[in-house]
Amino acid sequence: MKKCLALALNFFCAMAFADDNVVNVYVWSQELSPQIVAQFQKDTGIKVNYSTFDSNEVLYAKMKASKEGEYDVVEPSSYYITRMARENRIEKLDKSKLSNYGNLNPAFTHPDYDPKGEYSIPWVWGLTGIFVNRQYYPDDKIAKWADLWSPKYRDSVLLLDDPREVFNIGLLTLGDNPNTSNLTQLQDAYTNLVALLPNVRLYNSSSVPSILIDEDATIGMAWNADAYKASLQNPNIEFIYPKDRFVIWVDAFVIPSNAPHRENAYKFLNYVMQAKIAAWQVQETYYPTANLAAIAELPPALAKNKIIFPDAAILKQAYFQTDIDDSALDAVSRYWQLLKLQS
C-alpha cells in the first residue's frame, strides 16, 4: 500500500511539474516568429502554448473573460496597456528578473501609455501608411489619406480590419487628432468613412502582404512592415507616409495579473529581449524592433531601410496612439459595426 501511495504521489508531482513547465503566450499574428518560439523551447525546456489574435478587441475580451488565469504573456497595443493597467488586469514588472531590459531603446521605455515603464516590454512598433500598386496607378500623385476618397479608386481600397486604425484616417482627413475622445468628432469621422465605402474592397489585418502581392487590392492602408514584405515579391508596391499625418503603434508584452506561470513568463520575456533574438525577429517578420541592441545585429541594408526604420524627420509627423475614454471607445465600436454592416 505504501509503495502504491508513493508511486501515486510521484506521478501527481510529475504531472504538476509538467503543468508548471509551460508558458501560455497570446500575441498578435505575425509578430512572434514560430522559429523563436521553437528555439526558446529547445534552450529552456519550457513548453510554449502559443496562440494569436488579430485585434486588440479580441484580446481584451479574452482577458476580461479569463477569471482564473489563462495567459502568462500577452501582447496588447499601446493604448490597451493603459486601459489594462487602470483595470488591474496586468501586473507591474519585477525588472530584477529581466537582465536584458537594458537592451531596449530608451525612446520606448517611458511612453505616454506607460509613463514609468512599469507594466510593459515594447516588442515591435510600426507606422500605418498608404500602399499603392504602381502598375495600376503609375502617375497618380498619392500623398495623403484624403486621396483614398477619390472616385477613381472605387472597389480598390484595402482597409485594416481594426476600428481604431480606420477611425484614425477618418479623423486625420478632417484635421482632427486620432486620439480624440470628442464624440462629435468621432461622429464626423464615421460620416467621413461612410463616404469612403464605395472605394472599399475589403478589410483585413492578418494577411496584408499576401493581398498586396496577389493584387487583391491595389491601394489602401497598410503597416510599413507588411508593405515592405510585399514589395520584396511585388516590386510595384510603394509605401507612402501620408502628408496629413499618421499613427505610430507599439505592441508590447505584459504579464496578466492572474498569470498561472509567472516565473516562466519572466524567463520568456528575458529571452526575447536578447539582442540576437530581437534581431532574428526583425529578419523573420520585418517589423521594427524596440530593442536598440538588436539594430547592431542586423544587416546594414535592413538596419538603414527607411520603410522599416524611418528617420527622425518622418517620425515628427506621427502621432503615438494612446487610450481614449470609455464613451469614445464605445462610440468607435458602435460606429465600426455600422460601417461593416454597410460594406
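Not measured: the values here are computed from a predicted model.

Caption draft 1: Focus on the overall build of the chain. The secondary structure content of the chain amounts to 14 helices and 10 strands. Its C-alpha radius of gyration of 22 Å places the chain within 12% of the 20 Å reference for a compact globule of 343 residues. Counting only C-alpha atoms, the chain reaches 80 × 45 × 35 Å along its principal axes. Considering the chain as a whole, with its 343 residues, one finds that 54% of them fall into the buried category. For the chain, long-range pairs separated by at least 24 residues make up 76% of all intrachain contacts whose partners lie at least 6 apart in sequence. Just so you have it, the chain exposes about 15200 Å², and 53% of that area is on carbon and sulfur atoms. Averaged over its 32 positive side-chain charges, the chain has a centre that lies 3 Å from the centre of its 40 negative ones.

Caption draft 2: Quick look at the sheet that holds strand 1 (residues 22-28). Read across the sheet, 3 strands follow the order 2-1-3 without closing on themselves; strand pairing throughout is parallel. Edge strands, defined here as strands with exactly one partner in the open sheet, are strand 2 (47-53) and strand 3 (73-74). Here strand 1 pairs with strand 2 via 7 bridges, running parallel. Along strand 2, the bridge assignment pairs tyrosine 26 with serine 51. In this fold helix 2 (residues 34-44) packs onto strand 1 and strand 2, with an angle of close to 160° to the strand it touches most, strand 2. In the packing of helix 9 (residues 262-272) onto the sheet, the strands contacted are strand 1 and strand 3, and the crossing angle to strand 1 comes to about 55°.

Caption draft 3: View of helix 5 (residues 163-172). Burial of helix 5 is extensive: 10 of the 10 residues sit out of reach of the surface. Where helix 5 begins, the side chain of aspartate 162 points an oxygen toward the backbone nitrogen of arginine 164, at a separation of 3.2 Å.

Caption draft 4: Looking closely at the side chain of serine 78. Note on placement: serine 78 falls in helix 4 (residues 78-86). What serine 78 contacts, discounting residues up to four positions off in sequence, is Tyr113, Val250 and Gln321.

Caption draft 5: View of the nonpolar core. In this structure, Ile121, Leu159 and Phe268 are the most contacted members of the largest nonpolar core, which totals 118 residues. When residues in this core are grouped by element, the largest group, 8 residues, is from strand 4 (residues 121-133). Apart from residues lying up to four places away in sequence, leucine 159 is in contact with Val166, Ile169, Leu196, Val200, Leu202, Tyr203, Asn204 and Met221.

Caption draft 6: Representation of empty space enclosed by the protein within the structure. This structure, assessed with the given rule, holds 3 cavities of 30 Å³ or more. Its boundaries defined by the atoms lining it, the largest cavity holds a volume of some 100 Å³. Around the largest cavity, the lining residues are Trp28, Glu31, Asn56, Ser77, Tyr79, Asp162, Glu165, Trp223, Trp249, Asp251, Tyr287 and Gln321. Within the lining of the largest cavity, the residues separate by chemical class into 5 nonpolar, 3 polar and 4 charged. In this structure, the second largest cavity occupies an estimated 60 Å³ of space.

Caption draft 7: A look at the side chain of glutamine 321. Relative to the helices and strands, glutamine 321 is located in the loop between strand 10 (318-320) and helix 14 (326-342). Residues contacting glutamine 321, with those up to four places away along its chain left out, are Ser78, Tyr79, Arg164, Asn168, Asn179, Val247, Ile248 and Trp249.

Caption draft 8: Geometry of unusual backbone geometry. Even without being glycine, glutamate 215 reaches a positive phi, approximately 65°. Residue position: glutamate 215 is located in the loop between helix 7 (208-214) and strand 7 (219-223). On the basis of relative accessibility, which here comes to 22%, the residue glutamate 215 falls in the partly exposed class.

Caption draft 9: Broad picture of the pattern of salt bridges. Scanning the model with the defined rule gives 12 salt bridges in all. Aspartate 155 serves as the salt-bridge partner of arginine 201, at 2.9 Å between the closest nitrogen and oxygen. Highlighted residues: arginine 201 in strand 6 (residues 200-203) and aspartate 155 in the loop between strand 4 and strand 5 (157-159), separated in sequence by 46 residues. Overall, the relative accessible area of 45% leaves arginine 201 in the partly exposed class. Bridged by salt links that share partners, the residues Arg83, Arg86, Asp323 and Asp326 form one connected network.

Caption draft 10: Representation of the packing of helix 6 (residues 183-196) against helix 14 in the model. Interhelical geometry of helix 6 versus helix 14 gives an angle of 15° and a closest axis separation of 10 Å. Viewed along their axes, helix 6 and helix 14 adopt a mutual orientation that is roughly parallel. As for how helix 6 packs across helix 14, the hand of that crossing is right-handed. Contact with helix 6, carried on its side by Leu183, Leu186, Gln187, Tyr190, Leu193 and Val194, involves Ser327, Ala328, Ala331, Val332, Tyr335, Leu338, Leu339 and Gln342 of helix 14 and no other residues of that element.

Caption draft 11: Fine view of the packing of aromatic side chains. All chains considered together, the criterion is met by 21 aromatic pairs. Aromatic side chains phenylalanine 239 and tyrosine 241 sit 5.2 Å apart centroid to centroid with 90° between the ring planes, which places their arrangement in the edge-to-face category. Tyrosine 241 matches phenylalanine 239 in its accessibility class, with the two residues each being buried. Three or more aromatic residues joined by ring pairs form one cluster here, namely Tyr26, Trp28, Phe53, Tyr71, Trp223, Trp249 and Tyr287. The ring of tyrosine 319 is capped by arginine 245, whose NZ or CZ atom sits 4.0 Å from the centre of that ring. Above the ring of tyrosine 203, the side-chain terminus of lysine 340 is found at 5.0 Å from the ring centroid.

Criteria and thresholds
- Each chain carries its own residue numbering, running from 1 in the direction its sequence is written.
- Two thresholds apply to this predicted model, a pLDDT of at least 70 for residue-level local features and 80 or more for giving and counting side-chain atom pairs, whereas whole-chain, interface and lining totals are computed over all residues.
- Neither water nor hydrogens contribute to the side-chain values; these are computed over all heavy atoms in the structure.
- Where helices and strands are cited, they refer to DSSP runs of H or I of at least four residues and of E of at least two residues respectively, numbered from the N terminus.
- Only C-alpha atoms enter the radius of gyration, while the globule expectation follows 2.2 Å times N to the 0.38, with N the number of residues.
- The buried label applies to any residue whose accessible area, calculated with a 1.4 Å probe on protein chains only, is under 20% of its type's maximum; exposed applies above 50%, and partly exposed to all values in between.
- Whether two residues touch is decided by their heavy atoms; if any such pair falls within 4.5 Å, the residues are in contact.
- Under the convention used here, a 1.4 Å probe and the Shrake-Rupley method define accessible areas, while residue burial counts only the protein chains that appear.
- Charge counting treats Lys and Arg as positive and Asp and Glu as negative, with His and both chain ends excluded.
- To locate a charge, take NZ of a lysine, CZ of an arginine, CG of an aspartate or CD of a glutamate.
- At least two bridges found by DSSP between two strands is the condition for calling them paired.
- Throughout, an axis means a line fitted to C-alpha atoms (over the contacting stretch in the case of helices), and angles, computed between N-to-C directions, take values from 0 to 180 degrees.
- Pairing of N or O atoms within 3.5 Å defines a polar contact, subject to two protein rules: one partner must be a possible hydrogen donor and the other a possible acceptor, and residues neighboring in sequence count only if both atoms are side-chain atoms.
- Throughout, nonpolar core names a set of buried Ala, Val, Leu, Ile, Met, Phe, Trp, Tyr and Cys residues whose side chains join them through atoms within 4.5 Å.
- Cavity means a closed set of points on a 1 Å grid over the protein atoms alone, one where a 1.4 Å probe fits but cannot get out, pocket means an open set with protein on both sides within 12 Å along at least 5 of 7 lines, and lining means a residue has an atom within 4 Å of a point.
- Grid points are joined across faces, edges and corners, and a volume is the space filled by probe spheres set on the points.
- By the convention adopted, Pro, Cys, Tyr, Trp, Phe, Met, Ile, Leu, Val and Ala count as nonpolar, Lys, Arg, Asp and Glu as charged, and the other residues, Gly among them, as polar.
- The term salt bridge refers to a pairing of a side-chain nitrogen on Lys or Arg with a carboxyl oxygen on Asp or Glu at a separation within 4 Å.
- With respect to orientation, any angle under 35 degrees is reported as roughly parallel, any angle over 145 as roughly antiparallel, any angle of 65 to 115 as roughly perpendicular, and every other angle as oblique.
- A crossing counts as left-handed when the near helix is turned anticlockwise from the far one by less than a right angle, and as right-handed when that turn is clockwise.
- Pairs were defined over the aromatic rings of Phe, Tyr and Trp, the Trp ring being its six-membered one, requiring ring centres within 6.5 Å. Orientation was assigned from the angle between planes: stacked under 30 degrees, edge-to-face over 60, tilted for the rest.
- A positively charged side chain is recorded as over a ring if its NZ (Lys) or CZ (Arg) lies within 6 Å of the ring centre. The angle to the ring normal must also be within 35 degrees.

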